[in-house]
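Listed below, chain by chain, are the residues.
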Amino acid sequence: MREPSFPNGGPNGSGDGELEEPAGIAVHENTIFIADTNNRRIQKFTTDGIFLQKWSASGNNPGEFYQPRGLAIDENDNIYVADANNHRIQKFNSFGKLLKIWGQEGTGNGDFGTPYGLHVKDDHVYVADTKNDRIQVFDPDGEYEDQWGTEGDDPGRLNDPSGIAFDDEGNIYVADWENHRIQKFNPDRSFNSVWGSFGDETGKFNNPQALIVVNGFIYVADTGNSRIQKCDLLQGGNPEKWEILKTGSLQMYEPAGIAADRDGNIYISDTGNHRFLKFDNNGNFIIEYGQFGSDPGQLKYPEGIAVDSMGRVYISDSENHRIQVFEKINPDEEKTYKAVIAAGGGPFPGNHLWDATRSCANFAYRTLTMRGFSKNDIYYLSEDSAVDLDNNGAADDVFGIPSLQNFTTVLAQKIGTPDQLVIYLVDHGGDGLFRMDETENLTVSGLSQMINLSDTEVIFVYDACRSGSFLPDFSPKAARTVTVTSSAAAEESYFIGQGSASFSNWFWMRIFSGDSVGAAFAVSALSVQSVQSVTGGMQNP
């Protein structure tokens, strides 16, 4: 997977493109709409994270918002917003022009009590009128059509309904949050059946929050039980037919969002564990993405989740105040890929660059794995041997310490003859050399002699002071060589904020986001030059 975040990992705020605890997400073609909840507005971006537009103002006048939550899009690209704390629905066209507004706080037909969920289907707008314990139905112009549910726990009654889903026959499924159950209604909205009750046994629920129907199965985010349950739609009323999705040794914690791609793969925002999980269309666990933090690819209490037609996964990274986008990038399956990462220097006394070095190298490792490199094809040399970059509970990501012997062993004995080899060096540098550790240096001539791969494309990325001194003399035997250095031959390279503002961080962030090497270099070079007023020195990659 890959991830560009917008804003790009920056602080929360109220400026254009900045976010404050975003909640709802809706994706349509090349556009993403975000309920920027605590900024009380809707923002519009391209799927690449480019800010396009906002429509916002805090208040209760037409076009203003107070805690917007759910979003839905109809076939004419109109946007429906559950303006939760204003107790109403607002409808806009895709350019933010207000088209309709309906509802007020109350219990009458068309009134609302903190509406959360929205679903548009067949020219009908279905609203989970959460605090009124009912579902209301409207036409696209907001004209009231129907409702069902009243407060209670009898069949057909509701208590804080949240999610709504439909099957191919038009049956309606409601996550009846405080009644700890799923209810099924017929296409004519009449009551059909109750599935589940409070408990932690299979087929029972604890505050189910979200649900989705895919390929004849229903998947429920059983939030209070910290799990996902699945059942054949024809067997939902039989608790023995439900099953809990297995995640190996992983344990979910209060999953809040659920989505599916066009191939039927299921994605879960595992909110309390700061990650999301992917399952195949049979409910088999595939992989997890993310971990706690604020770097690209890291998450803090993700909630809303959506998938577009290209398979990109959008996460409302709530407490990082941003949306992150993950996209599967598959290297050519007929080709082989290897990588060597050297976090040089090490934590010897006086090496004040070490924290930045290992931060950049760790990010490069994560980037390559998210770009489709196998863990077994990345040889990571670092003194930070206890790091667990893939969150598998084992310190097995580092091949060895950075030394000339280990580096030579990897190139001569481990990588074989791949179709592509990526080499990334980061730490101190000098004229034609790279500091491997406190006492050893790797020279440009030595590196050139180590690479004898006439059928391999070599991508060499070097971030250190005077890294540009490698350019004239780096001459490996390779089918094609791409060399990227962070500075000119006589210039310093700067690492600000433990590497968060550095050529490496910007370069790998763009690679993470799916850019080509050339495009990533161009953006990173401009970014480096933009902070020269802070560094006080010239740096020209």
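The paragraphs below set out a description of the structure included in this document. (Residues numbered from 1 in each chain as written. Predicted model: local features only at pLDDT ≥ 70, side-chain atom pairs only at ≥ 80, totals over all residues. Heavy atoms only, no water.)

Quick word on the packing of helix 4 (residues 503-512) against helix 5 (residues 517-530)
Reasoning step 1: Closest axis-to-axis distance for the helix 4/helix 5 pair is 8 Å, and the angle between their directions is 145°. The handedness of the crossing between helix 4 and helix 5 comes out as right-handed. The residues of helix 5 that touch helix 4, namely those facing F503, W506, F507, R510 and I511, are V517, A520, F521, V523, S524, A525, S527 and V528.
Reasoning step 2: A per-class count over the contact of helix 4 with helix 5 returns 10 nonpolar, two polar and one charged. (Axes fitted to C-alpha atoms, helices over the stretch in contact; angles between N-to-C directions. Helix = DSSP H or I, 4+ residues; strand = E, 2+ residues; numbered from the N terminus. Left-handed = near helix turned anticlockwise from the far one by under 90°. Contact = heavy atoms within 4.5 Å. Nonpolar A, V, L, I, M, F, W, Y, C, P; charged D, E, K, R; others polar.)

A look at the sheet that holds strand 19 (residues 217-222)
Reasoning step 1: Taken in spatial order, the four strands make up an open sheet running 18-19-20-21, and their pairing is antiparallel. Looking at which strands have only one partner, the edges of the open sheet turn out to be strand 18 (208-214) and strand 21 (243-244).
Reasoning step 2: With two bridges connecting them, strand 20 (residues 227-232) and strand 21 associate as antiparallel partners. The residue of strand 21 that forms the bridge with K230 is E243. (Pairing = 2+ DSSP bridges.)

Overview of the pattern of salt bridges
Reasoning step 1: Scanning all chains against the criterion turns up 17 salt bridges.
Reasoning step 2: The salt bridge partner of D176 is R181, with a shortest N-O separation of 2.8 Å.
Reasoning step 3: Residue R275 pairs with D270 through a salt bridge whose shortest N-O separation is 2.8 Å. The burial state of R275 is the same as that of D270; both residues are buried.
Reasoning step 4: Taken together, the shared-partner salt bridges in this structure form one network comprising D355, R358 and D384. (Salt bridge = Lys/Arg side-chain N within 4 Å of Asp/Glu carboxyl O. Buried < 20%, exposed > 50% of the residue type's maximum accessible area, 1.4 Å probe, protein only.)

Let's talk about the nonpolar core
Nonpolar side chains tend to gather and get buried jointly when the protein is soluble and globular.
Reasoning step 1: By size, the foremost hydrophobic cluster in this structure holds 49 residues, and its most contacted members are F276, V313, I341, Y380, Y424, F507 and W508.
Reasoning step 2: It is helix 1 (residues 354-370) that contributes the most residues to this core, nine residues altogether.
Reasoning step 3: Grouped together as the second largest cluster of nonpolar side chains are 24 residues, I415, L442, L453 and Y462 included. (Core = buried A, V, L, I, M, F, W, Y, C linked by side-chain atoms within 4.5 Å.)

Overview of unusual backbone geometry
Reasoning step 1: Residue D160 is not a glycine yet carries a positive backbone phi of 55°.
Reasoning step 2: Inspection of the secondary structure assignment puts D160 in the loop between strand 13 (144-148) and strand 14 (161-166).

Considering the packing of helix 1 against helix 4
Relative orientation and spacing of two packed helices are given, respectively, by the angle between their axes and the distance between those axes.
Reasoning step 1: Orientation of helix 1 relative to helix 4, taken along the N-to-C sense of each, is 10°, at an axis distance of 9 Å. It follows that helix 1 is roughly parallel to helix 4 by the angle criterion. Facing helix 1, whose interface residues are C360, F363, A364, T367, L368 and M370, helix 4 presents S504, N505, W508, M509, I511 and F512.
Reasoning step 2: In terms of residue class, the contact of helix 1 with helix 4 is built from nine nonpolar, three polar and no charged. (Parallel < 35°, antiparallel > 145°, perpendicular 65-115°, else oblique.)

Digging into the pairing of strand 9 (residues 98-102)
Reasoning step 1: Here strand 8 (residues 88-92) runs beside strand 9; their pairing, made up of four bridges, is antiparallel. In the sheet register, K91 faces strand 9, and the bridge partner there is K100.
Reasoning step 2: Here strand 8 hands over to strand 9 after five residues, with G96 in that stretch at a positive phi of 90°.

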